[in-house]
Amino acid sequence: MFSIPGSPGLTRTTSDKAVIPFYAYAALAFLAATLLLFFSATDFTTHYFHPHLLAITHIMVLGWGTMIVLGASHQLVPVLIESTLFSEPLASASFVFAAAGIPLLSYGFYVFNMGWPARWGGALMIMAILAYCINLGMSIIKSKEENVHAIFVFTATVWLLCTASVGLVLVYNFSYPLLSGNSADYLSLHAHMGIVGWFLLMIIGTGSRLIPMFLLSKYNNPRLLWWIFGLINGGLFAFVLVYLYSQNPWRWTLAVLPVIAAISLFGKYCFSSYQQRIRKKVDEQMKISLLSVMVMLLPLLLLAGIMVVLAITPGEPVRLITTYGFLVIFGWITSIILGMTFKTLPFIVWNKVYHQKAGQGKVPNPKELFSAGIFNWMSMLYLIGCLVFTLGILTRYLAVLQTGALMLLFAAVLYNWNVLKLLTHKPVV
Amino acid sequence: MNPITNNNLKCNKALEALVNVMDPEIGLNVVDLGLIYQLDFDDSDLKLFCSMTLTTQFCPMGESITNAVKEALQHAFPEYNVEITLVFAPAWNHEMISPKGMTFLNEE
């Protein structure tokens, strides 16, 4: 038998000290972004290339989405690749660089000063991603088996590095003409490399391992995952080429159709996992995560609509584009994070507090470390807030936008409340 | 799946103790989950060897679960020195769950 003797002393999981700061930072970033959303609601009645919208977007995608993905993946990568994390100090370095870079970058956007705050912010973010990339790459090299999930995660990180590098070039391009066009012309390229290359690949790479694992499902289909991987990367490369060399809106279908196909196949993968699950009861956190897989298709359908409008009319459908961006960030990415936070963080905290006390008496279940009632209220406020704010963008009614933003702000407060409750949990035995 | 043992009587006592050790994510005990592979009692040296697995290798809860198994066995057999060995071959699969465990998991 392949054995690991002396296992009670095994220390192969990533330390909570390397992971928890990412979660805490992300929670505060979500609160800050929703606060800014409320006070900047009026800016959503104008063009999407607005300093306040750029600041909110970067707080959400970097401070909220990326920070929590980085934190969770430091804990989950060993599960995915079946090996230990290469270096915890590198994980901490990644946190420090990102934690310092994100406020600088966001401040630069908010006041629209593309000088030193935005430049240093962008550079620090690249250093954070490089640290993560090295850590991940070295961890994967140590792992002996070929693993489709690890390839997804590593490729996602390479796309994140490309996204951030393009972003930094765009920041400098405001002052020095590095590119042939204005920085705003490359916004869509930068955004989609991040949304599809980073978030979509990362979420599918980890979700395809975690969803069957949490559902205790018998389903496993690496071949389908390789197809999804090929379709997403193919679509993204097609998008970059069409963006740089063609700009014919109809040719964008070459990029969008493979990604829609990939998401549909991932939907099928999740549905098969759900059908073949051994554990019949599905908890609220898993339900919201599974719902977010379906939500993935909403912005893509909207994108297809935007492409049709762009192809047949001369003007830019500003409201549709803003709605698309909002649904991607506040809809799809946020719904996944809201669900997965309370699927992963309670276990990290439980492990920290009780791993030496297990078996010494009645210890609470990880799910009892946060309030299910607050979670349900948060989910409801979030879902309704998202819908109301989307309506506000489409109708440009300030009162509707403010109502939606206020609900999202309350959802963020409840999220922080539960995260704080988790992080301050004291042992009961 | 019943664990391999060299002492059925003591093995039953050990399993009774281990049904109180839960996998915190699944909410099912390690015995009905089929994580315990082997329980051997060395009466001359007073050693209890337990071979067990986890539902997934590099499980973040692995250390807590193995600690709890050791603690429960030590409590049930205070005169023995308990040694836990974590094994991943054969890998755990759903067929190792006991009928009682399956009934628990099938509850809506």
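Residues numbered from 1 in each chain as written. Chains lettered and ligands numbered in written order. Predicted model: local features only at pLDDT ≥ 70, side-chain atom pairs only at ≥ 80, totals over all residues. Heavy atoms only, no water.

Side note on the confidence of the model for chain A
Residue and element names in this part refer to chain A.
Move 1: The pLDDT averaged across chain A works out to 86; a share of 95% of its residues lies at or above 70.
Move 2: The lowest-confidence element of chain A is strand 1 (residues 3–5), averaging 48 in pLDDT; the highest-confidence one is helix 13 (residues 398–423), averaging 95.
Move 3: Note on residues 5–9: pLDDT under 50 across the span, and 12 contacts to partners over four residues away in sequence or across chains. (pLDDT = per-residue confidence, 0-100. Helix = DSSP H or I, 4+ residues; strand = E, 2+ residues; numbered from the N terminus. Contact = heavy atoms within 4.5 Å.)

Some remarks on unusual backbone geometry
Move 1: Here Ala89(B) and Pro90(B) are connected by a cis peptide whose omega angle stands at 5°.
Move 2: Inspection of the secondary structure puts Pro90(B) in the loop between strand 6 (81–87) and helix 3 (99–106).
Move 3: Located in the positive-phi region is Leu216(A), a residue other than glycine, with phi close to 55°.
Move 4: Looking at the secondary structure, you find Leu216(A) in the loop between helix 6 (187–215) and helix 7 (222–245).
Move 5: We note that Leu46(B) has phi near 55°; this positive angle belongs to a residue other than glycine.

Quick notes on the pattern of salt bridges
Residues and elements named next belong to chain B.
Move 1: All told, the structure shown has three salt bridges over all chains when counted by the stated rule.
Move 2: Across the salt bridge formed by Asp32 and Lys100, the nearest N and O atoms sit 4.0 Å from each other. Here Asp32 is found in the loop between strand 3 (28–29) and strand 4 (36–42), whereas its partner Lys100 is found in helix 3, with 68 residues between them in sequence.
Move 3: Accessibility expressed as a relative area gives 10% for Asp32, which makes it buried. (Salt bridge = Lys/Arg side-chain N within 4 Å of Asp/Glu carboxyl O. Buried < 20%, exposed > 50% of the residue type's maximum accessible area, 1.4 Å probe, protein only.)

Concerning the interface of chain B and chain A
Move 1: With 33 residues of chain B at the contact, the number on the chain A side is 39 residues.
Move 2: For the pairing of chain B and chain A, the buried interface totals around 3300 Å² over both sides, and the portion due to carbon and sulfur atoms is 61%.
Move 3: Per-residue buried area on chain B facing chain A is highest for Glu25(B), Phe58(B) and Glu63(B); these three make up 22% of the total on that side.
Move 4: Taken together, the links from chain B to chain A amount to zero salt bridges.
Move 5: One can count four residue pairs in polar contact (both at pLDDT 80 or more) joining chain B with chain A.
Move 6: When contributions to the side of chain B that touches chain A are tallied by element, the ones reaching two or more residues are strand 4, helix 2 (62–76), strand 6 and helix 3 of chain B.
Move 7: Among the elements that take part in the side of chain B that touches chain A, helix 2 of chain B stands out by supplying seven residues, more than any other. (Buried area = accessible area lost by both parts, 1.4 Å probe. Polar contact = N/O pair within 3.5 Å; in protein donor to acceptor, adjacent residues only side chain to side chain.)

Points about helix 10 (residues 297–312) of chain A
Residue and element names in this part refer to chain A.
Move 1: The end-to-end C-alpha distance of helix 10, which contains 16 residues, comes to 23 Å, matching closely the 22 Å that a straight helix rising 1.5 Å per residue would cover.
Move 2: Within helix 10 the residues assigned to the buried category are Pro299, Leu300, Leu303, Ile306 and Met307. For helix 10, the angular spread of the buried residues around the axis is 110°, confining them to a single face. Residues of helix 10 that are exposed and angled more than 90 degrees away from the buried face: Leu301 and Ile312. (Expected span 1.5 Å × (residues − 1). Arc of directions from axis to C-beta.)

Comments concerning the pairing of strand 4 of chain B
Residue and element names in this part refer to chain B.
Move 1: A large share of strand 4 lies buried, amounting to five of its seven residues.
Move 2: By the bridge criterion, two bridges tie strand 1 (residues 4–5) to strand 4 in an arrangement that is parallel. Looking at the pairing, Thr5 lines up with Leu39 of strand 4.
Move 3: Pairing between strand 4 and strand 5 (residues 47–52): six bridges, direction antiparallel. Across the sheet, the residue bridging to Gln38 is Ser51, located in strand 5.
Move 4: The antiparallel pairing of strand 4 with strand 5 creates a hairpin that spans four residues between the two strands, and Leu46 there sits at a positive phi of about 55°. (Pairing = 2+ DSSP bridges.)

Side note on empty space enclosed by the protein
Residues and elements named next belong to chain A.
Move 1: Under the criterion given, the structure shown has three cavities of 30 Å³ or more.
Move 2: Taken together, the elements giving at least two residues each to the lining of the largest cavity come down to helix 2 (51–81), helix 6, helix 9 (284–295) and helix 11 (318–354).
Move 3: At seven residues, the largest contribution of residues to the lining of the largest cavity is made by helix 6. (1 Å grid on protein atoms, 1.4 Å probe; cavity = no way out; pocket = protein on both sides within 12 Å on 5 of 7 lines; lining within 4 Å. Points joined across faces, edges and corners; volume = space filled by probe spheres on them.)

Focus on the packing of helix 1 (residues 16–39) of chain A against helix 3 (residues 88–110) of chain A
Residue and element names in this part refer to chain A.
Move 1: Between helix 1 and helix 3, the shortest axis-to-axis distance is 9 Å and the interhelical angle comes to 15°. Between helix 1 and helix 3, the crossing angle belongs to the class labelled roughly parallel. The element helix 1 and its partner helix 3 pack so that their crossing is left-handed. Contacts from Ala18, Pro21, Phe22, Tyr25 and Leu36 of helix 1 reach helix 3 at Glu88, Ala91, Ser92, Ser94, Phe95, Ala98, Ala99, Ile102, Pro103 and Tyr110.
Move 2: A class-by-class count of the residues in the contact of helix 1 with helix 3 yields 12 nonpolar, two polar and one charged. (Axes fitted to C-alpha atoms, helices over the stretch in contact; angles between N-to-C directions. Parallel < 35°, antiparallel > 145°, perpendicular 65-115°, else oblique. Left-handed = near helix turned anticlockwise from the far one by under 90°. Nonpolar A, V, L, I, M, F, W, Y, C, P; charged D, E, K, R; others polar.)

Considerations on the side chain of His190(A)
Move 1: Mapping His190(A) onto the fold places it in helix 6.
Move 2: The contact partners of His190(A), leaving out residues within four places of it in the chain, are His58(A), Thr163(A), Val166(A), Gly167(A) and Leu170(A).

Some remarks on the packing of aromatic side chains
Given two aromatic rings, one states the distance between the centres and the angle between the planes to describe the pair.
All names here are of chain A.
Move 1: Counting across every chain of the model gives 26 aromatic pairs over all chains.
Move 2: Relative to Tyr415, the ring of Phe30 has its centre 5.8 Å away and its plane inclined at 90°; by these criteria the two rings are edge-to-face. Pair noted here: Phe30 is in helix 1 and Tyr415 is in helix 13, with a separation of 385 residues, a long-range link.
Move 3: Using a relative accessible area of 0% as the deciding quantity, one classes Phe30 as buried.
Move 4: Tyr415 gets classed as buried once you look at its relative accessible area, which sits at 0%.
Move 5: Arranged with centres 5.0 Å apart and planes meeting at 40°, the rings of Phe342 and Phe370 form a pair that is tilted. With Phe342 in helix 11 and Phe370 in the loop between helix 11 and helix 12 (372–395), the pair connects residues that are 28 residues apart, well separated along the chain. (Phe/Tyr/Trp six-rings, centres within 6.5 Å; stacked < 30°, edge-to-face > 60°.)

What to know about the environment of Lys357(A)
Move 1: With respect to the secondary-structure elements, Lys357(A) resides in the loop between helix 11 and helix 12.
Move 2: It is 36 Å that separates the C-alpha atoms of Lys357(A) and Tyr382(A), two residues lying 25 residues apart in sequence.

Quick look at a nonpolar patch on the surface
Residue and element names in this part refer to chain A.
Move 1: Nonpolar side chains collect at one region of the surface, where Leu291, Met294, Trp377, Met380, Leu383 and Ile384 lie side by side and expose about 600 Å² of accessible area between them.
Move 2: Only helix 9 and helix 12 provide two or more residues apiece to the nonpolar patch.
Move 3: Note on placement: Met294 falls in helix 9.
Move 4: Residue class for Met294 comes out exposed when judged on its relative accessible area of 59%. (Patch = residues over 30% accessible without salt bridge, like charges linked within 9 Å, V, L, I, M, F, W, Y side chains within 5 Å. Areas by Shrake-Rupley, 256 points an atom, 1.4 Å probe, with all protein chains shown as cover.)

Regarding helix 2 of chain B
Each full turn of the α-helix corresponds to 3.6 residues, which orients residues three or four apart in the same direction.
Move 1: Between its first and last C-alpha, helix 2 of chain B extends 21 Å over 15 residues, near the 21 Å set by a 1.5 Å rise per residue.
Move 2: Of all 15 residues in helix 2 of chain B, 11 are buried, a share of seventy percent or more.
Move 3: Three or more residues of helix 2 of chain B are buried, namely Gly62(B), Glu63(B), Ser64(B), Ile65(B), Thr66(B), Asn67(B), Ala68(B), Val69(B), Ala72(B), Leu73(B) and Ala76(B).
Move 4: Here the buried face of helix 2 of chain B lies against helix 11 of chain A together with helix 1 (8–18), strand 2 (22–23), strand 4, strand 5 and strand 6 of chain B.

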